[in-house]
Amino acid sequence: MWYLFVFLAIPLFTSSIWMLLLCIWLIVHPLIRKKPKVLERYPEVAIMVPHFNEKPEYLFQALNSIEAQDYPGQITVFLADDGSTNGIQSHLTEWLGLPRKQNYISIRFEQNNGSKGKNMDAALPNVPESVEALVVVDSDTFLEPQSVRKVVERMWQDEKCAAVCGFLVPANKQTNVWEKLQYFEHIGIYPAVKSAQDAFGFVSIMAGAFVVHRMSVIREIGGWGSWIVEDIAWTWKALASGYTTGYSTTAVDYTYAPTNPKCLFKQRRRWARGRVEAYRAAISTSPRRALFLIPFFMLYILSLLPPTLCALPVLAVVFQQWWVFGLIGVSTFLSISMFLLYQKQLPEQLRKGARDIFRSTYYNSLFELFLWRPNVTGFCDEIFGKAKSWMTRG
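First, a word on scope: everything that follows refers to the structure included in this document. Model, not experiment: these values are computed from the prediction.

**Here's the deal with the packing of aromatic side chains**
Taken as a whole and judged by the stated rule, the model has 15 aromatic pairs. The interplanar angle of 90° and the centroid separation of 5.1 Å between the aromatic rings of Trp 95 and Tyr 104 together place this pair among those described as edge-to-face. Assigned by exposure class, Trp 95 and Tyr 104 land together as buried. A ring pair is formed by Phe 142 and Tyr 254, whose centres lie 5.2 Å apart and whose planes are at 20°; its orientation type is stacked. Pair noted here: Phe 142 is in strand 5 (residues 141-143) and Tyr 254 is in strand 8 (residues 244-255), with a separation of 112 residues, a long-range link. Per residue, the accessibility class of Phe 142 equals that of Tyr 254, and both read buried. Counting every residue linked through ring pairs, the aromatic cluster contains Trp 236, Tyr 279, Phe 297, Tyr 300 and Phe 379.

**Let's talk about helix 13 (residues 294-302)**
Along helix 13, the positions that sit buried rather than exposed are Phe 296, Phe 297 and Tyr 300. For helix 13, the angular spread of buried residues about the axis comes to 100°, placing them on one side.

**Observations regarding unusual backbone geometry**
Even without being glycine, Asn 53 reaches a positive phi, approximately 50°. Structurally, Asn 53 can be placed in the loop between strand 1 (45-51) and helix 3 (56-67). Looking at Asn 53, the relative accessible area reads 31%, which means it is partly exposed. Located in the positive-phi region is Gln 174, a residue other than glycine, with phi close to 60°.

**Regarding the sheet that holds strand 4 (residues 133-137)**
An order of 3-2-1-4-7-6-8-5 is seen for the 8 strands of this open sheet, with the pairing classed as mixed. Each edge of the sheet is formed by a strand with only one pairing partner; in this case those strands are strand 3 (103-108) and strand 5. Each strand axis lies, on average, 30° off the axis of its neighbour in the sheet, ignoring direction. Alignment of strand 1 against strand 2 (residues 76-81), held across 6 bridges, turns out to be parallel. In the sheet register, His 51 faces strand 2, and the bridge partner there is Asp 81.

**Let's talk about a nonpolar patch on the surface**
Taken together, the side chains of Ile 17, Leu 20, Leu 21, Ile 24, Ile 27, Val 28, Leu 31 and Ile 32 make up a nonpolar region of the molecular surface, amounting to roughly 770 Å² of accessible area. When you line up the elements, Leu 20 lands in helix 2 (residues 10-32). For Leu 20, a relative accessible area of 42% corresponds to the partly exposed category.

**Notes on the pattern of salt bridges**
Summed over the entire model, instances satisfying the criterion amount to 13 salt bridges. The shortest N-O distance in the salt bridge between Glu 230 and Lys 116 comes to 3.2 Å. You can see Glu 230 sitting in helix 10 (residues 230-240) and its partner Lys 116 sitting in helix 5 (residues 116-123), a full 114 residues away along the chain. In terms of burial, Glu 230 and Lys 116 fall into one category: buried. In this structure, Arg 219 engages Glu 129 in a salt bridge whose closest nitrogen and oxygen atoms are separated by 3.6 Å. Residue Arg 219 is found in helix 9 (residues 215-221), and its partner Glu 129 is found in the loop between helix 5 and strand 4; the two are separated by 90 residues along the sequence.

**A short note on the pairing of strand 2**
The element strand 2 is largely enclosed, with a buried count of 6 among its 6 residues. Along strand 2, one buried face is formed by Thr 76, Phe 78 and Ala 80 and the opposite face, lined by Val 77, Leu 79 and Asp 81, is buried too. The β-α-β motif built from strand 1, the intervening helix 3 and the parallel element strand 2 has right-handed crossover chirality. Handedness of the crossover joining strand 2 and strand 3 through helix 4 (residues 88-96): right-handed.

**Quick look at the nonpolar core**
In terms of nonpolar packing, the biggest core is built from 82 residues, with Val 127, Leu 134, Phe 167, Val 169, Trp 234 and Trp 236 touching the most fellow members. For this core, the element with the most residues is helix 11 (residues 261-285), which contributes 8 residues. With residues up to four places along the chain from it excluded, the contact list for Phe 167 reads His 186, Ile 187, Pro 191, Tyr 247, Ser 248, Thr 249, Ala 251, Val 252, Asp 253, Leu 346 and Leu 350. Of all hydrophobic cores here, the second largest spans 30 residues; its members include Phe 60, Tyr 71, Val 77 and Leu 143.

Rules and cut-offs
- Residues numbered from 1 in each chain as written.
- Predicted model: local features only at pLDDT ≥ 70, side-chain atom pairs only at ≥ 80, totals over all residues.
- Heavy atoms only, no water.
- Phe/Tyr/Trp six-rings, centres within 6.5 Å; stacked < 30°, edge-to-face > 60°.
- Buried < 20%, exposed > 50% of the residue type's maximum accessible area, 1.4 Å probe, protein only.
- Helix = DSSP H or I, 4+ residues; strand = E, 2+ residues; numbered from the N terminus.
- Arc of directions from axis to C-beta.
- Pairing = 2+ DSSP bridges.
- Axes fitted to C-alpha atoms, helices over the stretch in contact; angles between N-to-C directions.
- Patch = residues over 30% accessible without salt bridge, like charges linked within 9 Å, V, L, I, M, F, W, Y side chains within 5 Å.
- Areas by Shrake-Rupley, 256 points an atom, 1.4 Å probe, with all protein chains shown as cover.
- Salt bridge = Lys/Arg side-chain N within 4 Å of Asp/Glu carboxyl O.
- Right-handed = clockwise from strand over helix to strand, strands pointing away.
- Core = buried A, V, L, I, M, F, W, Y, C linked by side-chain atoms within 4.5 Å.
- Contact = heavy atoms within 4.5 Å.

Here you go:
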């Protein structure tokens, strides 16, 4: 009977080992980390804001945060409207009619291109050859004043760095359980993992809401239009092409997350599908380098297994497998330890107290139960070739 419990506990074993390694690294890394180089020259930067039927208040919150950036020199901002039908252009014309710090260029496509990636590809020819770094900011995402400067500084530490993302925080007011689940996910294990990966130049997922790309790499490997989840697929293609990726804790950005289970399901279904198409992109680019991405892909495959964590304690009592409770206790301890260690790297205004640390462990465990269905559905979508679409959260 014990071997059946070992099988059911595989995801728990895997996550415990992963969290132990993260804890060790979060202790060691601050002791050996080199001081970042001061840039003698800041590269020419452009920002692309793809949008489609965005709420005006969200779009202008994003643009006002771009206006407030402390990046040296003026930034050219491309507003790529993918055939919006909600009258946003009249609002934009009024907003652009006022004196602005940055240089704004509004691009409107009469027909929807079909995805965010295709929208960005269609707007890409408008970016001048002189631009060295292209920042993508989602239309429902707003930035801290230092954020663009921080991601560019991180990228320019390494000439082989293809992309860098910032620390993404849900902007919702946490009025329901769905918003709380996403909030504690994004301030807990996600950034801790990315911080550890950054030290190796191997951040496996760029948060597409706010990410800077090196333009020379875009010109070499192409844009984003081939995929439904453009951020992870482009990242894995860049890694398979021999480039590195990075993460900046101090480049803080806020985005509006789905507010109900239906929209959240659609988003995570799309993200799950993106894992499969990303690995396909890596293999087609370099089968040899794609081998290094297998551990990250296998973590996703493990998420397709039926969630057993809730059933394990009950079954353990019935069949007197008491070691299971020890494993759950170790996993909980490692989760809390990882959260505590990562807090030291965060900007002071984003650090959390003991209550939120315990809540994060609880909500992340609960979220795993919800994510199983969209993970499996998204996997099947890609395997069986279901037609691709925006699948936005509405």
